[in-house]
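# Architecture and fold: a report
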Amino acid sequence: MNETEKFVILGRMSAMLAHEIRNPLAGISAVTQVLDGKIDRKDPRKKYVTLIMKEIDRVNKIVHDLLDYTRDSRPYFAKADISSLIDKALATLAEELERKRIQVDRKYESPSLWIRADQDDIERVFNNIITNAIEAMEESGRLTINVRRDRAGDELLESVEIAFADTGRGCDLQDLAEMFSPFYSTKTRGTGLGLAVSSKVVEEHRGRMDAARNKDRGLTFTVSLPVEQPRSDTNIDKHQQGA
Ligand SMILES: Nc1ncnc2c1ncn2[C@@H]1O[C@H](COP(=O)(O)OP(=O)(O)OP(=O)(O)O)[C@@H](O)[C@H]1O
Ligand SMILES: [Mg+2]
């Protein structure tokens, strides 16, 4: 059996397992929520219920990541504003960022840059990168997000580059080489699928994703995505109008 065949089988197995886990987990989750509603906030048993719910969330995340990683469905492409996708990802992590007093510097090129993207997928990519940055930083770290149009290529290959620089603990060269592999994690409670899923999504968008060590401290993750091409768009629109 060659590597590709092994991967296909592994993919099917994980997808099947993930599906099988999802249903009973939804049941456990529903019952736990009922329990939670019945237990008074001051009841010492409350903390056990909270713990169960947290662990359910964790299993849910693993299952979702696995399904994302092994699925071969096509992304749903639509016109998307890159800055608002980053802002949305930041908003869902606002509490965590605030708790750790992490300063976020947004340096977005204006006017807004548009891409054709599956918005949920790309937001998830940004969420994974920012979550990792938060996890790598101590209190009072700084996350700098740079968005700029990459004019280097020829006009038809123009892309937007989004760079996330953190002031976290960074990593050694070995980690840097391995971190995009599925199930590679240096965290006690990490699944190691965040970056693997993210780079798969970016590839589906004909983009690129890289990580590099900063000169002083921390890492920078760069995502490059092709910008929306007005010319080909006009063609698509004409098609849709039946012209
Ligand atoms: N910003 C960062 N700074 C330092 N190390 C990082 C950073 N981002 C990723 N890593 C390293 O890459 C590894 C893989 O990251 P990835 O997001 O794929 O998995 P994870 O965070 O360990 O688990 P999860 O599946 O929950 O995301 C991490 O365990 C960590 O060692
Ligand atoms: Mg992660």
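About the thresholds
Residues numbered from 1 in each chain as written. Chains lettered and ligands numbered in written order. Predicted model: local features only at pLDDT ≥ 70, side-chain atom pairs only at ≥ 80, totals over all residues. Helix = DSSP H or I, 4+ residues; strand = E, 2+ residues; numbered from the N terminus. Buried ≥ 20, exposed ≤ 12 C-beta atoms within 10 Å, placed from the backbone. Contact = placed C-beta atoms within 7 Å. Expected span 1.5 Å × (residues − 1). pLDDT = per-residue confidence, 0-100. Pairing = 2+ DSSP bridges. Axes fitted to C-alpha atoms, helices over the stretch in contact; angles between N-to-C directions. Near = placed C-beta within 6 Å. Nonpolar A, V, L, I, M, F, W, Y, C, P; charged D, E, K, R; others polar. Core = buried A, V, L, I, M, F, W, Y, C linked by C-beta atoms within 7 Å.

## Digging into the overall build of the protein chain
Along the backbone of the protein chain there are eight helices and seven strands. Here the protein chain holds 243 residues, and the buried ones make up 22% of them. Expressed as a percentage of contacts within the protein chain between residues at least 6 apart in sequence, the contacts between residues at least 24 apart total 73%.

## Details of helix 5 (residues 119-136)
With 18 residues, helix 5 should reach 26 Å at 1.5 Å per residue; the first-to-last C-alpha distance of 26 Å fits that figure. Listed as buried for helix 5 are Asp-121, Ile-122, Arg-124, Val-125, Phe-126, Asn-128, Ile-129, Ile-130, Asn-132 and Ala-133.

## Points about the confidence of the model for the protein chain
Summary statistics for the protein chain give a mean pLDDT of 89 and a share of 91% for residues scoring 70 or more. Ranking the elements of the protein chain by mean pLDDT puts helix 8 (residues 230-240) last with 43 and strand 6 (residues 208-213) first with 97. Within the model, the stretch residues 231-243 combines pLDDT values under 50 with two contacts to residues more than four positions away or in other chains.

## Things to note about the sheet that holds strand 4 (residues 142-150)
Here five strands make up an open sheet; going across it, the order is 2-4-5-7-6 and the pairing mixed. Whereas interior strands pair on both sides, the edge strands pair on one side only; in this sheet they are strand 2 (103-108) and strand 6. If you compare each strand with its neighbour and ignore which way they point, the axes differ by 15 degrees on average. With six bridges joining them, strand 6 and strand 7 (residues 219-226) adopt antiparallel strand pairing. Bridge pairing in strand 7 links Arg-213 to Leu-219.

## Things to note about the site of ligand 1
Around ligand 1 lies a shell of 24 residues, among which Asn-132, Ala-136, Ser-185, Gly-190 and Gly-194 are the nearest. Broken down by class, the residue content of the shell around ligand 1 amounts to nine nonpolar, ten polar and five charged.

## Things to note about the pairing of strand 7
By the alternation rule, side chains of strand 7 split into Leu-219, Phe-221, Val-223 and Leu-225, which are all buried, and Thr-220, Thr-222, Ser-224 and Pro-226, of which none is buried. Relative to strand 7, strand 5 (residues 159-165) is paired through seven bridges, and the arrangement is antiparallel. Counted as the bridge partner of Val-160 is Leu-225 from strand 7. Between strand 6 and strand 7, which pair antiparallel and follow one another directly, the connecting turn spans five residues, one of which, Gly-218, has a positive phi of 85 degrees.

## So, the nonpolar core
By size, the foremost hydrophobic cluster in this structure holds 35 residues, and its most contacted members are Phe-126 and Phe-164. When residues of this core are traced back to their parent elements, those giving at least two are helix 2 (46-70), helix 3 (82-92), strand 3 (114-117), helix 5, strand 4, strand 5, helix 7 (194-204) and strand 7. For this core, the element with the most residues is helix 5, which contributes six residues. Dropping the residues within four chain positions of it, Phe-164 is found in contact with Ile-129, Ile-130, Ala-133, Leu-143, Ile-145, Thr-220 and Phe-221.

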